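Remarks on the overall topology
Each chain, letter by letter, is given below.
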Amino acid sequence: MTKITPEKNNYHAATFILSAAKLENLPSDDGYEVAFIGRSNAGKSSAINKLTEQRNLARVSKTPGRTQLINLFKLSDNKRLVDLPGYGYAKVPEQVKKDWGKFIDDYLCTRKCLRGLVLLVDIRHLLKLFDLQILTWASQANLPIHILLTKADKLKYGARKTALQKITAEIKKLPGEISTQIFSATENIGHAELKEKLNQWFNELA
Ligand code: GDP
């Protein structure tokens, strides 16, 4: 495999492209995408805003009615960040949950330019059924997954370390290429590590 010179990815230069309700509405399937997913309130918007150093970039995904949409942000001509719809908003009807699942599953399984998936999990919670389902989908789609243990500032140093160890032990038992780290959007915890992981995905050759 030929190595390419790692490119600098200007996350702070990210701009909103569009919101898609259907896969057909997505931009053409070329270049590279990295997608973010998590239960509602896991800290997805805060993490995307922190990564891009923009206070309101991911706010668009919070607009009522847009919560079931895929939001795309452009980093450069061939690199995009993707904000997948959060799961667990209020008490949505069973059919909406099913449609959501199918939409996400279709996106993960058919999108060729997808390089990796960032799964956001509140560090105070263990992996829930939803997270395990996403991990299963990612593994079936042969997609590497990086778990961000968010809101790490809410725990003291020792408790953070314990939580990281617990999740690390849990993911070892699961199939697929899974990594994890702690993160906080409000304190300087894990920002460089997240960028490093994304750089790795964006800059690797297929
Ligand atoms: P989303 O629904 O996954 O997009 O979650 P948000 O980013 O909107 O965050 C949900 C709530 O958690 C908000 O009240 C945020 O201010 C808070 N939050 C998000 N990230 C952090 C963090 O790193 N530390 C702390 N203390 N609060 C956070």
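Everything below is about the structure shown above.
A short tour of the structure in this document, coming up.

A separate point is the nonpolar core. Counting residues in hydrophobic clusters, the biggest one holds 35 residues, and the most contacted among them are L84, L117, I134 and I147. Residue assignment for this core shows that the elements contributing at least two residues are β2 (32-38), β3 (70-76), α2 (94-110), β5 (114-122), α3 (129-140), β6 (145-150), α4 (157-172) and β7 (178-182). I147 has contacts with L119, V121, L127, L135, I167, I171, I178, S179, T180 and Q181, leaving out every residue within four places of it along the chain. F36, A42, W201 and F202 belong to the second-largest nonpolar core, a separate cluster that totals 22 residues.

Surveying the vicinity of the ligand reveals 15 residues, the closest of which are N41, S45, S46, D153 and A185. G43 is positioned such that a nitrogen or oxygen atom in its backbone is 2.9 Å from an oxygen atom of the ligand. In the model, an oxygen atom of the ligand is placed 2.7 Å from a nitrogen or oxygen of the A185 main chain. The fraction of the free accessible surface of the ligand (580 Å²) that becomes covered by protein chains is 73%. Residues that form the shell around the ligand fall into these classes: 2 nonpolar, 7 polar and 6 charged.

Tracing the backbone through its elements, the reader meets L23 in the loop between β1 (15-20) and β2. Assessed through its relative accessible area of 24%, L23 is described here as partly exposed. Residues L23 and Y107 lie 84 residues apart in sequence; the distance between their C-alpha atoms is 6.8 Å. For L23, the residues in contact, after removing those within four places along its chain, are F103, D106, Y107 and T110.

Residue pairs three or four apart in sequence face the same way in an α-helix, which turns once every 3.6 residues. Burial within helix α1 (residues 44-52) is extensive, with 7 of its 9 residues counted as buried. Of all the residues in α1, the buried ones are K44, S45, A47, I48, N49, L51 and T52. In this fold, the buried residues of α1 make contact with β2, β4 (79-83), β5, β6 and α5 (191-203).

Look at E53: it is not a glycine, yet its phi comes out positive at around 50°. Note on placement: E53 falls in the loop between α1 and β3. The exposure class of E53 is exposed, given its relative accessible area of 56%. Backbone geometry at N142 places phi at a positive 60°, although glycine is not the residue there. Looking at where N142 falls in the secondary structure, it is placed in the loop between α3 and β6.

Calculation notes
- Sequence positions are assigned chain by chain, starting from 1 and proceeding in written order.
- Only residues with pLDDT of at least 70 are given local features in this predicted model, and only at 80 or more are side-chain atom pairs given and counted; all residues enter the totals for whole chains, interfaces and linings.
- Think of the side-chain values as coming from all heavy atoms in the structure, minus any hydrogens and water.
- For the purposes of this section, nonpolar cores are sets of buried Ala, Val, Leu, Ile, Met, Phe, Trp, Tyr and Cys residues that join through side-chain atoms within 4.5 Å.
- For every residue, the accessible area obtained with a 1.4 Å probe (protein chains only) is divided by the maximum for its type, and the residue is called buried under 20%, exposed over 50%, and partly exposed between those limits.
- Here a helix means four or more residues in a row that DSSP labels H or I, a strand means two or more in a row labelled E, and each is numbered from the N terminus.
- Residue contacts follow a heavy-atom distance rule, with two residues in contact if any of their heavy atoms lie within 4.5 Å.
- For each residue, the test is whether any non-hydrogen atom lies within 4 Å of the molecule or strand; if one does, the residue is near.
- Two N or O atoms count as a polar contact when they lie within 3.5 Å, although within protein this holds only if one can serve as hydrogen donor and the other as acceptor, and sequence-adjacent residues are included solely when both atoms are side-chain atoms.
- Accessibility throughout is a Shrake-Rupley quantity obtained with a 1.4 Å probe, and a residue counts as covered only by protein chains that appear here.
- Each residue gets one label: Ala, Val, Leu, Ile, Met, Phe, Trp, Tyr, Cys and Pro are nonpolar, Asp, Glu, Lys and Arg are charged, and the others, such as Gly, are polar.

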